[in-house]
Structures are given as C-alpha cells and as structure tokens.
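# Coordinate inspection notes
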Amino acid sequence: MLRFIFWLLLGGILAISIMPASDAPTVFADDKLNHILAFFVLSFMARIAWPRINALVLFVMLALFGGAIEILQFSMGLGRQADWMDFAADVLAILIGTLVGQLINGFRRKTATSG
C-alpha cells in the first residue's frame with residue numbers, strides 16, 4: 001500500500017509541476033515551500049516504502065526526478081521556468097525526507113524486534 005501511495009504522489013507531483021503555472025494548485029504562497037513539502041513527502045514515503053534500498057540510490061533517483069521536472073518546465077513553455085533554487089529546495093527536502101524516513105524505519109525495526 002505504501003508503494004502505491006508513493007506512485008500516486010510521484011504522478012501527482014509530476015502532473016502539478018508541468019501544468020500551466022496559473023492552473024497549478026498550491027499549499028503555500030511561497031513557491032519554495034511548495035517544493036519542500038512535495039519532495040519531503042515524496043522522499044519520506046519512498047524511504048518507508050522501500051526500506052532496503054540504499055538511501056544514497058534513493059536520494060539520487062529523487063534528485064534526478066526533481067531535475068527532470070525543472071528541465072521539463074524550461075522546455076514546455078507553459079508559464080513555468082526552470083530555477084536552480086527550486087532544484088535546491090527539492091534536494092534539501094529529499095535529504096531531510098530520506099533521513100526522517102530512515103529514522104522511522106529504524107524505530108519500526110526496533111519495535112518489531114522488541115515486542
């Protein structure tokens with residue numbers, strides 16, 4: 001079920017990221033906070049859905065996804081623009097989300113073995 005939710009999130013983030021800027025839903029007024037929220041949740045979900053995948057591999061794959069979104073936004077001409085600071089916000093959120101997911105996985109393993 002966690003993996004299914006991850007794929008829904010990934011598709012939703014991609015869809016929102018490539019739709020015209022005027023039509024894209026947002027949670028925060030600040031664009032960077034929207035990036036941080038999206039990529040934190042995505043990376044956290046990925047880390048708990050695939051606890052045995054190497055965290056560095058997961059980090060790189062999600063960072064490539066964030067970079068690909070910026071390239072798509074640059075090339076599609078839908079009122080979006082590529083921004084290095086958006087990518088930096090994505091990478092920061094991926095790092096934090098992956099670490100928090102790793103902590104949750106450790107807690108889950110510890111509670112499973114102790115009781």
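In this report, we go over the structure that sits alongside the text.

Parameters at a glance
- Residues numbered from 1 in each chain as written.
- Predicted model: local features only at pLDDT ≥ 70, side-chain atom pairs only at ≥ 80, totals over all residues.
- Heavy atoms only, no water.
- Helix = DSSP H or I, 4+ residues; strand = E, 2+ residues; numbered from the N terminus.
- Buried < 20%, exposed > 50% of the residue type's maximum accessible area, 1.4 Å probe, protein only.
- Contact = heavy atoms within 4.5 Å.
- Areas by Shrake-Rupley, 256 points an atom, 1.4 Å probe, with all protein chains shown as cover.
- Lys, Arg positive; Asp, Glu negative; His and termini not counted.
- Charge placed at Lys NZ, Arg CZ, Asp CG, Glu CD.
- Phe/Tyr/Trp six-rings, centres within 6.5 Å; stacked < 30°, edge-to-face > 60°.

## Section: the overall build of the chain
When you go through the chain residue by residue, the secondary structure sums to four helices and zero strands. Of the regular secondary structure in the chain, the N- to C-terminal order runs α-α-α-α. The principal-axis extents of the C-alpha atoms in the chain amount to approximately 55 × 25 × 20 Å. Looking at the chain residue by residue over its 115 residues, the buried ones come to 30%. Here the contacts in the chain between residues at least 6 apart in sequence split such that 74% fall between residues at least 24 apart. Only carbon and sulfur atoms are counted for the fraction: they give 74% of the accessible area of the chain, which is about 7200 Å². Within the chain, the 7 negative side-chain charges are centred at a point lying 23 Å from the centre of the 8 positive side-chain charges.

## Here's the deal with the packing of aromatic side chains
On inspection of all chains with the given rule, the structure shows six aromatic pairs. Centre to centre, the rings of Phe-6 and Trp-50 are 5.1 Å apart; their planes meet at 90°, and the pair counts as edge-to-face. On the criterion of sequence distance, the pair formed by Phe-6 in helix 1 (residues 2–18) and Trp-50 in the loop between helix 2 (31–49) and helix 3 (55–76) is long-range, its members being 44 residues apart. Trp-50 shares its class with Phe-6; the two are buried. An aromatic cluster of three or more residues is present, and its members are Phe-6, Trp-7 and Trp-50.

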